Amino acid sequence: MADVESGEVLEPQSRHVVYCGVCTMPPEYCEYGGTVKKCQEWLEKNHPDMYIRIWSPEALAAATASLSIEAQKRAAKDAQKKAAKAEAAEKKEADKIAHSIVTIKRIERNKRKYVTSVSGLEAFGYELKKVAKDFGKKFATGSSVTKVPSGGEEIVVQGDVSDEIEEFILEKYKDVPEDNIEFVDDKKAKKAAAAAAGGS
Amino acid sequence: MFKKDLTPSPKQKLKSSIQRSLRQNLLSTYPLLTPYIDEVLPKKSSLLSMKLQGVERATLYIIDDSTPLFYEVDKADVPLLPHLKLVHRFPQAFPTIRIDRGAIRFVLSGATLMAPGLTSAGGRLPDPKEGPERAEDGHWTRELKKGEPVVVMAEGKEEACAVGMLVAGTEEVKKNGKGPVVEDAHYLGDGLWKLNTE
Ligand SMILES: [Zn+2]
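Residues numbered from 1 in each chain as written. Chains lettered and ligands numbered in written order. Predicted model: local features only at pLDDT ≥ 70, side-chain atom pairs only at ≥ 80, totals over all residues. Heavy atoms only, no water.

**Re helix 2 (residues 48-55) of chain A**
Residues and elements named next belong to chain A. Operational definition: Think of it in three bands: with a 1.4 Å probe and only protein chains considered, a residue is buried below 20% of the maximum accessible area for its type, exposed above 50%, and partly exposed in between. Numbering of helices and strands runs from the N terminus; a helix is a DSSP stretch of H or I covering at least four residues, while a strand is a stretch of E covering at least two. Of all possible arcs, the one meant is that of the directions from the helix axis to the C-beta atoms. Any two residues having at least one pair of non-hydrogen atoms within 4.5 Å are treated as being in contact.
Those residues of helix 2 that fall on the buried side of the exposure criterion are M50, I54 and W55. For helix 2, the angular spread of buried residues about the axis comes to 100°, placing them on one side. More than 90 degrees from the buried face of helix 2, the exposed residues found are D49 and I52. Contacts from the buried residues of helix 2 go to helix 1 (36-46) and helix 3 (57-65).

Spelled out as structure tokens, the structure:
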């Protein structure tokens, strides 16, 4: 017999509102967001009916009719400023990403005991705590966020997983380009330093 | 209230006794939500809370892991306020006023909502009369008092753009025609709107 819930089954009353895929606001508010051009492209592609309702010349004329010429001018100037600001911020972000490096470091703690540290993921917009959790799950080992003396934070994973971790990062955290990942082997660095010191 | 971006903090599961009292609080603050309460807070789902640091400390309540419902400002006498996404889902359940088109961009940049944006031709304040609290033309039919929660609609727009607490009663706003009406609102595009609740 089928399960019968007690009480009446109600039709859902919740409205479903479309939000802009670019600025996240209801599309009728995109004009205030500073990414108008991109918002329009997105809306035209994804919700052409809404696009016509909001951005057709008739709709725009009706929308500005109630504003004084002065207010229209101020609004246009404001929109321009916002767009310029958004563009500059976007460019800055892109520059930052292009120049950021994720460093995977294999560190020898004791003889044949390694930890792997990963630093720099925050520059690509990832939350280190979450990533540390993901690493821990993926490699079934301890993984945590620790402070580094220089002031930032890094993720420390127990064991030598440096090769696997690169693959995992490329697969899961797609904002990190392969070219922006570097490897450091801490043991070798130490040895090299020791050798250099000893040789002088 | 949330002009700056917020950083997500860990979500906490709430005890069922606290869930029950929040449900009561929500219904007494927003009686018109009653017909939808089982949809807003399904009995089987569990309610989570997330601490926020806005202008004041606040707590956001979340259901189904990531759906924001309402927030509580850590300050005496501020009512429980709905997240705009909840307002968009159940607009009929909240008292509203409407700003004119010219005021939209100010409200969406976090400015205090001032009386002239409501008293002008494009604005709308309650229109007291008999009948349901929400008239068919969208006017609220009861004057709203200082300290009451209010949803801010906008001329020519279908969806609400802000929510907050009145710092002046609507009768007073009509009479004086100037001064602040809603301070520290939660508005489209602010830190709370953009907060990742996943
Ligand atoms: Zn948009």
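**Examining helix 1 (residues 16-29) of chain B**
All names here are of chain B. As a reminder, the rule being used: The span one expects for a helix is its residue count, reduced by one, times 1.5 Å.
Along its 14 residues, helix 1 runs 20 Å from first to last C-alpha, staying within 8% of the 20 Å computed at 1.5 Å per residue. For helix 1, the full list of buried residues reads Q19, L22, R23, L26 and L27. Projected onto a plane normal to the axis of helix 1, the buried residues spread over an arc of 130° and lie on a single side. Among the exposed residues of helix 1, those oriented more than 90 degrees off its buried face are R20, Q24 and S28. Contacts made by the buried residues of helix 1 are with helix 2 (37-40), strand 2 (47-53), strand 3 (57-63) and strand 4 (67-73).

**Structural notes on the environment of V157 of chain A**
All names here are of chain A. Note on placement: V157 falls in strand 4 (residues 153-158). Sequence spacing of V157 and G136 is 21 residues, and the spatial spacing of their C-alpha atoms is 7.2 Å. Ignoring sequence-local partners within four residues, the contact set of V157 consists of V115, T116, F135, T141, G142, S143 and I165.

**Things to note about the interface of chain A and chain B**
Test applied: By definition, the buried area sums, over both parts, the 1.4 Å-probe accessible area that each loses when the two are put together. Within this document, salt bridges are pairs made up of a side-chain nitrogen of Lys or Arg and a carboxyl oxygen of Asp or Glu, the two lying within 4 Å of each other. For the purposes of these results, a polar contact is taken to be a pair of N or O atoms within 3.5 Å, where, inside protein, one atom must be able to donate a hydrogen and its partner to accept one; residues adjacent in sequence count only when each atom of the pair is a side-chain atom. Gly falls in the polar group here, along with every residue not listed as nonpolar (Ala, Val, Leu, Ile, Met, Phe, Trp, Tyr, Cys, Pro) or charged (Asp, Glu, Lys, Arg).
On the chain B side, the residues contacting the 25 residues of chain A number 27 residues. Both faces combined, the contact of chain A with chain B buries some 2200 Å², and carbon together with sulfur accounts for 49% of it. Summed over the three residues of chain A that lose the most area to chain B, namely R15, Y29 and Y32 of chain A, the buried surface amounts to 29% of that side. A salt bridge links R15 of chain A to E158 of chain B; the nearest nitrogen and oxygen atoms lie 3.7 Å apart. Where chain A meets chain B, there are 13 residue pairs in polar contact (both at pLDDT 80 or more). Elements supplying a minimum of two residues to the side of chain A that touches chain B: helix 3 and helix 4 (69-99) of chain A. Here the element with the most residues in the side of chain A that touches chain B is helix 4 of chain A; it accounts for three residues. Of the residues contributing to the side of chain A that touches chain B, the split by class is 11 nonpolar, four polar and 10 charged.

**Let's talk about the sheet that holds strand 1 (residues 12-13) of chain B**
Residues and elements named next belong to chain B. Counted only if it meets this: A pair of strands is labelled paired if DSSP reports no fewer than 2 bridges between them. Helix axes are fitted to C-alpha atoms over the stretch in contact, other axes to C-alpha atoms as well, and angles between N-to-C directions run from 0 to 180 degrees.
With respect to topology, five strands assemble into an open sheet ordered 1-2-3-4-5, the strand pairing being antiparallel. For this open sheet the edge positions go to strand 1 and strand 5 (81-82), each flanked by a neighbour on one side alone. Where strand 2 and strand 3 come together, seven bridges link them in antiparallel fashion. Each residue of the ladder has a partner; that of M50, found in strand 3, is L60. Against the sheet, helix 1 makes contact with strand 2, strand 3 and strand 4, and its axis sits at roughly 80° relative to strand 4, the strand it touches most.

**Regarding the domain arrangement of chain A**
All names here are of chain A. Keep this limit in mind: In this entry, domain limits derive from an automatic or database-based domain assignment.
Splitting chain A by domain gives domain 1 (27-98) and domain 2 (102-199). The interface of domain 1 with domain 2 comprises four residues on the first partner and four residues on the second. For the pair domain 1 and domain 2, the summed buried surface comes to about 300 Å²; carbon and sulfur atoms form 52% of the total. Of all residues in domain 1, the largest losses of buried area upon contact with domain 2 belong to K96, I97 and A98, amounting jointly to 94% of the total for that side. Classifying every residue of the side of domain 1 that touches domain 2 gives two nonpolar, no polar and two charged.

**Observations concerning the coordination of the zinc ion**
Residue and element names in this part refer to chain A. Operational definition: Shown as donors are all N, O and S atoms within 2.8 Å of a metal ion, widened to 3.2 Å for Na, K and Ca; because water is not in the atom set, sites may appear incomplete. Under this scheme a four-donor centre is tetrahedral when all angles range from 85 to 135 degrees, a four-donor centre is square planar and a six-donor centre octahedral when opposite donors are above 155 degrees with the rest from 65 to 115, and any other centre is irregular.
Around the zinc ion, the donor atoms from the protein are C20 (SG), C23 (SG), C30 (SG) and C39 (SG), and they sit 2.2 to 2.3 Å away. Considering all four donor atoms around the zinc ion, angles at the metal cover 106 to 114° and the coordination shape is tetrahedral. Taken in sequence order, the residues that donate to the zinc ion follow the motif C-x2-C-x6-C-x8-C. Since its relative accessible area comes to 14%, C23 is described here as buried.

**Section: the domain arrangement of chain B**
Residues and elements named next belong to chain B. In terms of domains, chain B is made up of domain 1 (11-87) and domain 2 (91-187). Look at where the C-alpha atoms of domain 1 and domain 2 centre, and you get two points 22 Å apart. Overall, the association of domain 1 and domain 2 removes approximately 1400 Å² of surface from exposure, summing both partners, and the carbon and sulfur fraction of that is 77%. Together, L32, L84 and V87 form the three largest contributors to the area buried by domain 1 at its contact with domain 2, with a combined 41%. Along the contact surface separating domain 1 from domain 2 lie two residue pairs in polar contact (both at pLDDT 80 or more). Within the residue set of the side of domain 1 that touches domain 2, elements represented by two or more residues are strand 5 and helix 3 (84-89). It is helix 3 that provides the largest number of residues to the side of domain 1 that touches domain 2, a total of three residues.

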